[in-house]
Amino acid sequence: DVQVVESGGGLVQAGGSLRLSCAASGFTFDDYATGWFRRAPGKEDEGVSYINNKDGTTYYADSVKGRFTISSDNAENTVYLQLNSLKPEDTAVYYCAFVKVRPRSTFPTYNIYEYDFWGQGTQVTVSS
């Protein structure tokens, strides 16, 4: 019974912070990498940040580099995305997704269609 449960979204003022959580169950957490993606009306999907759950390798999109931090708590099977210095342009639904790491996998996995499990999304709204 695979479950991916996201939480932590909300409404904040520009410059504020949020911490998004992505709690996973029903699969071997350490065999996967995690991606955070966001979708906003009128904008294309954007891969925000990624982490290899096994070795901790991370990647950030240029648009969030220096402001967002991805981390994992493997004992809790949970990935976090710390959002700092938020801007109105960050307003979107944020999704986490898991993709199985295979022997010749590259990192990060940019193609959303390669991901195996998805969360329901959590809304982040940043007011100006």
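Scroll up to find the structure this text is about.
**Q** It is not clear to me how the packing of aromatic side chains should be interpreted in this structure. Could you clarify?
**A** Aromatic ring pairs are described here by two measures, namely the spacing of the ring centres and the angle between the planes. Taken as a whole and judged by the stated rule, the model has 13 aromatic pairs. Look at Phe-27 and Tyr-32: their rings are 4.7 Å apart centre to centre, the planes differ by 65°, and that puts the pair in the edge-to-face class. For the residue pair Phe-27 and Tyr-32, the accessibility class agrees, reading buried in each case. Between the aromatic rings of Phe-37 and Trp-118, the centroid separation amounts to 5.3 Å while the plane-to-plane angle is 40°, which identifies the pairing as tilted. Of this pair, Phe-37 sits in strand E4 (residues 32-39) while Trp-118 sits in strand E10 (residues 117-118); the two residues are 81 residues apart in sequence, bridging distant segments of the chain. Given a relative accessible area of 35%, Trp-118 falls into the partly exposed group. Put simply, the rings of Phe-37, Tyr-50, Tyr-59, Tyr-95, Tyr-110, Tyr-115 and Trp-118 pair up and form one aromatic cluster.

Conventions we followed
The residue numbering used here restarts from 1 in each chain and proceeds along that chain's sequence as written. Only residues with pLDDT of 70 or above have their local features reported here, since the model is predicted, and side-chain atom pairs are shown and tallied only from 80 upward, although totals for entire chains, interfaces and linings are computed over all residues. Water and hydrogen atoms were dropped before computing side-chain values, which therefore reflect all heavy atoms in the structure. Note on aromatic contacts: the rings of Phe and Tyr and the six-membered ring of Trp form a pair at centre separations within 6.5 Å, being stacked when their planes are under 30 degrees apart, edge-to-face when over 60 apart, and tilted otherwise. Summary of the burial criterion: residues with accessible area below 20% of their type's maximum are buried, those above 50% are exposed, and those between are partly exposed, where the area comes from a 1.4 Å probe applied to protein chains only. Counting from the N terminus, the helices are DSSP H or I runs at least four residues long and the strands are E runs at least two residues long.

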